[in-house]
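So the chains spell out like this:
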Amino acid sequence: MNTVSTNTLFVLNGPNLNLLGQRQPGIYGAKTLTDVDEACQAFAEINGYETDFRQSNSEGELVSWIHEAQSQAKGIILNAGAYTHTSIALYDAIKGIDVPAVEVHISNIHAREAFRHHSMIAAACIGQICGFGTNSYTLALRALMDHLEND
Ligand code: CA2
């Protein structure tokens, strides 16, 4: 674990997640990314943490944010969107820092198309939470906080 003094947790979101709540509610639900940000902030706050919630459609920006976590965050929640299934760069970035990351997905990627069953980043993360709708984020925060406090 790193030695960052603040109790900040990065919540990083990948491509197209800015569309949350506006399209495909049958798969991803009706909540917007702003709603998820607010739920994460509230859940973190009652547990003594704060969240820094971000979204980017750019793989490189996500890589840079993961690097930034080394000096700015105690842990990372990462919904890498479709880059989950393709990105060696994100795998390398997570492996390259000393900050625990939890992979999160709104949908159950294992119950969807075959190309979503494999995660390139799973092996670099401490665990994966998927399939609980937008509640996956707060479940992932709970898992990350337990890891930081007990492991
Ligand atoms: O279930 C998840 O959280 C995903 O990470 C979402 C990604 C998908 O590529 C992953 O396989 C699973 C897609 C994010 C796109 O989000 C949208 C939300 C609303 C409308 C359109 C796209």
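First things first, this report covers the structure right here in the doc. (Residues numbered from 1 in each chain as written. Predicted model: local features only at pLDDT ≥ 70, side-chain atom pairs only at ≥ 80, totals over all residues. Heavy atoms only, no water.)

### Some points on the site of the ligand
The full set close to the ligand counts 17 residues, and N79, H85, H105, I106 and S107 are the nearest of them. N79 places a polar side-chain atom, nitrogen or oxygen, 2.8 Å from an oxygen atom of the ligand. Between an oxygen atom of the ligand and a side-chain N or O atom of H105, the distance comes to 2.9 Å. Protein chains shield 95% of the accessible area of the ligand, which is 510 Å² for the free molecule. Here the ligand is seated within the largest pocket. (Near = heavy atom within 4 Å. Polar contact = N/O pair within 3.5 Å; in protein donor to acceptor, adjacent residues only side chain to side chain. Areas by Shrake-Rupley, 256 points an atom, 1.4 Å probe, with all protein chains shown as cover. 1 Å grid on protein atoms, 1.4 Å probe; cavity = no way out; pocket = protein on both sides within 12 Å on 5 of 7 lines; lining within 4 Å. Sits in = over half its atoms within 2 Å of the grid points.)

### Thoughts on helix α3 (residues 59-72)
For an α-helix, the turn length of 3.6 residues means that residues three or four places apart are oriented alike. With 14 residues, α3 ought to run about 20 Å at 1.5 Å a step, and its terminal C-alpha atoms sit 20 Å apart, in line with that. The set of residues buried in α3 consists of L62, V63, W65, I66 and A69. Projected down its long axis, α3 shows its buried positions confined to an angular sector of 160°, all on one face. Packed against the buried residues of α3 are β1 (8-13), β2 (50-55), β3 (75-79) and α4 (88-95). (Helix = DSSP H or I, 4+ residues; strand = E, 2+ residues; numbered from the N terminus. Expected span 1.5 Å × (residues − 1). Buried < 20%, exposed > 50% of the residue type's maximum accessible area, 1.4 Å probe, protein only. Arc of directions from axis to C-beta. Contact = heavy atoms within 4.5 Å.)

### Concerning the layout of surface pockets
Space inside the largest pocket adds up to approximately 380 Å³. Tallied by class, the residues present in the lining of the largest pocket amount to eight nonpolar, seven polar and three charged. (Points joined across faces, edges and corners; volume = space filled by probe spheres on them. Nonpolar A, V, L, I, M, F, W, Y, C, P; charged D, E, K, R; others polar.)

### Re helix α5 (residues 135-150)
For α5, with 16 residues, the first-to-last C-alpha span of 22 Å sits near the 22 Å given by 1.5 Å per residue. Within the span of α5, buried status applies to S136, Y137, T138, A140, L141, L144, M145 and L148. Those residues of α5 hidden inside the fold are in contact with β1, α2 (33-46), β2, β3, β4 (101-105) and β5 (127-130).

### Observations concerning the packing of aromatic side chains
We describe a pair of aromatic rings using the distance from one ring centre to the other and the angle between the two ring planes. Summed over the entire model, instances satisfying the criterion amount to one aromatic pair. Above the plane of the ring of F10 lies R54, whose end atom (NZ or CZ) is 4.5 Å from the centre. (Phe/Tyr/Trp six-rings, centres within 6.5 Å; stacked < 30°, edge-to-face > 60°. Lys NZ or Arg CZ within 6 Å of the ring centre and 35° of its normal.)

### Quick look at the packing of α2 against α5
Between α2 and α5, the least distance of the axes is 9 Å, while the angle of their chain directions is 30°. Classified by the interaxial angle, the pair formed by α2 and α5 is roughly parallel. As α2 packs across α5, the resulting crossing turns out to be right-handed. Along the contact surface, α2 presents L33, V36, A39, C40 and F43, while α5 presents Y137, T138, L141, R142 and M145. For the contact of α2 with α5, a count of residues per class yields eight nonpolar, one polar and one charged. (Axes fitted to C-alpha atoms, helices over the stretch in contact; angles between N-to-C directions. Parallel < 35°, antiparallel > 145°, perpendicular 65-115°, else oblique. Left-handed = near helix turned anticlockwise from the far one by under 90°.)

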